[in-house]
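Structure at a glance
Okay, here's what each chain looks like letter by letter:
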Amino acid sequence: MANLERTFFAIKQDGVQRRLVDEIISASCRRGVPPLAMKFFLASEEPLKQRYTDLKGRPFFPGLTKSVNSGPVVAMEHHSWR
């Protein structure tokens, strides 16, 4: 029996600022995996800290959260059957 696989990915602020959103979504659609849900938002610091909790002790962590927090993010969810 096939299982539904859910995949999440995000285009972080640098990709949004470089106007790559359409290109990335188009590439995903060409591969037969169009996004089923999409959200455009500004990431706040607390969810970023939770998302990158495994990197918290690294010296680049403050710069990472500050960078991702500096502009809009596009989050998407894809579903596929496996």
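Going by the structure above, here's the rest.
Read on for an overview of the structure. Nothing here was measured: the structure is a model prediction, and the numbers come from that model. (Residues numbered from 1 in each chain as written. Predicted model: local features only at pLDDT ≥ 70, side-chain atom pairs only at ≥ 80, totals over all residues. Heavy atoms only, no water.)

1. Brief notes about the overall build of the chain
A tally of helices and strands in the chain yields four helices and three strands. In terms of overall dimensions, the chain has a C-alpha envelope of 45 × 30 × 20 Å along the principal axes. Accessible area of the chain: about 6,200 Å², with a carbon and sulfur share of 54%. Computing the positive centroid from 13 side-chain charges and the negative centroid from 8, the chain places the two 2 Å apart. (Helix = DSSP H or I, 4+ residues; strand = E, 2+ residues; numbered from the N terminus. Areas by Shrake-Rupley, 256 points an atom, 1.4 Å probe, with all protein chains shown as cover. Lys, Arg positive; Asp, Glu negative; His and termini not counted. Charge placed at Lys NZ, Arg CZ, Asp CG, Glu CD.)

2. Points about the layout of surface pockets
In this structure, the largest pocket spans a volume of roughly 270 Å³. Together, 14 residues line the largest pocket, and F8, A10, L48, R51 and Y52 are the ones closest to its centre. Of all the secondary structure elements, the ones that give two or more residues to the lining of the largest pocket are strand 1 (4-11), helix 3 (45-51) and strand 3 (72-81). Looking at the lining of the largest pocket residue by residue, the classes come out as eleven nonpolar, one polar and two charged. (1 Å grid on protein atoms, 1.4 Å probe; cavity = no way out; pocket = protein on both sides within 12 Å on 5 of 7 lines; lining within 4 Å. Points joined across faces, edges and corners; volume = space filled by probe spheres on them. Nonpolar A, V, L, I, M, F, W, Y, C, P; charged D, E, K, R; others polar.)

Interpretation in functional terms is not warranted from these geometric data alone.
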